[in-house]
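A structural walkthrough
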Amino acid sequence: MSKKIVYFLCTGNSCRSQIADGYLKALGGDAYEVRSAGLQAHGLNPRAVAAMLEDGLDISHHTSDVIDPEILSQADYIITLCGHANDNCPVVHNDTAIRWHWGFDDPAKATGTEEEITAQFRAVREAIKQRIEAFVRDGK
């Protein structure tokens, strides 16, 4: 049995989609082939890497990639994590894909002290983790 392909999409493939990618690989990688990409490639955000390390997951080896039309056409699940990606995702020529939008605030846009910014990354990380846990448990 082949693994179902889950494609997480975000604006820059630097924070939210990378966090989702990391959690699904860790929690459901036996059942899913996990990919992530962005409308643009902004590079991996070091605060996202640090937030994930706090929870025991190392995503420092991830790359920031632009959406690949071939993967998009083969994906079983296409999940956008921000409104911009949801609104601007390329036309999908894949009638069998399940398409969902899970909107999360962009922690890269957080302002304030370092502690406040770190807290925003942690909050978004935890919200994404809970959503991934539900997906792995319930398939939705």
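Read on for a plain summary of the structure. All of these numbers come straight from a predicted model, not from anything done at the bench. (Residues numbered from 1 in each chain as written. Predicted model: local features only at pLDDT ≥ 70, side-chain atom pairs only at ≥ 80, totals over all residues. Heavy atoms only, no water.)

Side note on the overall build of the chain
Counting secondary structure elements, the chain contains 5 helices and 4 strands. Its helices and strands in sequence order give the chain the pattern β-α-β-α-α-β-α-β-α, from N to C terminus. Taking 2.2 N^0.38 as the reference for a compact globule, 140 residues should give roughly 14 Å; the C-alpha atoms of the chain span a radius of gyration of 14 Å, in line with that estimate. Buried positions account for 46% of the 140 residues belonging to the chain. Taking all contacts inside the chain whose residues are at least 6 apart in sequence as the whole, residues at least 24 apart take part in 69%. Within the chain, one finds 14 positive and 20 negative side-chain charges whose respective centroids are separated by 3 Å. (Helix = DSSP H or I, 4+ residues; strand = E, 2+ residues; numbered from the N terminus. Rg over C-alpha atoms; globule rule 2.2 N^0.38 Å. Buried < 20%, exposed > 50% of the residue type's maximum accessible area, 1.4 Å probe, protein only. Contact = heavy atoms within 4.5 Å. Lys, Arg positive; Asp, Glu negative; His and termini not counted. Charge placed at Lys NZ, Arg CZ, Asp CG, Glu CD.)

Things to note about the packing of helix H2 (residues 46-54) against helix H5 (residues 114-138)
Helix packing geometry: the angle between the two helix axes and the distance between the axes. Their axes nearest at 10 Å, the elements H2 and H5 cross at an angle of 65°. At the point where H2 passes H5, the crossing takes the right-handed sense. Along the contact surface, H2 presents Arg47, Ala48, Ala51, Met52 and Glu54, while H5 presents Glu114, Ile117, Thr118, Phe121, Arg122 and Arg125. Of the residues that constitute the contact of H2 with H5, the class distribution is 5 nonpolar, 1 polar and 5 charged. (Axes fitted to C-alpha atoms, helices over the stretch in contact; angles between N-to-C directions. Left-handed = near helix turned anticlockwise from the far one by under 90°. Nonpolar A, V, L, I, M, F, W, Y, C, P; charged D, E, K, R; others polar.)

A few points about the pairing of strand S3 (residues 77-80)
Neither face of S3 is left uncovered, since the one carrying Tyr77 and Ile79 and the one carrying Ile78 and Thr80 both have all their residues buried. Looking at chain direction, strand S1 (residues 4-10) and S3 are connected through 4 bridges and run parallel. Counted as the bridge partner of Phe8 is Ile79 from S3. With 4 bridges joining them, S3 and strand S4 (residues 98-101) adopt parallel strand pairing. Bridged to Ile79 within S4 is Trp100. (Pairing = 2+ DSSP bridges.)

Focus: the sheet that holds S3
The 4 strands are arranged S2-S1-S3-S4 in an open sheet whose pairing can be described as parallel. Edge positions in the open sheet fall to strand S2 (32-38) and S4, since each of these has one partner strand only. With direction set aside, neighbouring strand axes in the sheet form an average angle of 20°. Packed onto the sheet, helix H1 (residues 16-28) meets S1 and S2 and runs at close to 175° relative to S2.

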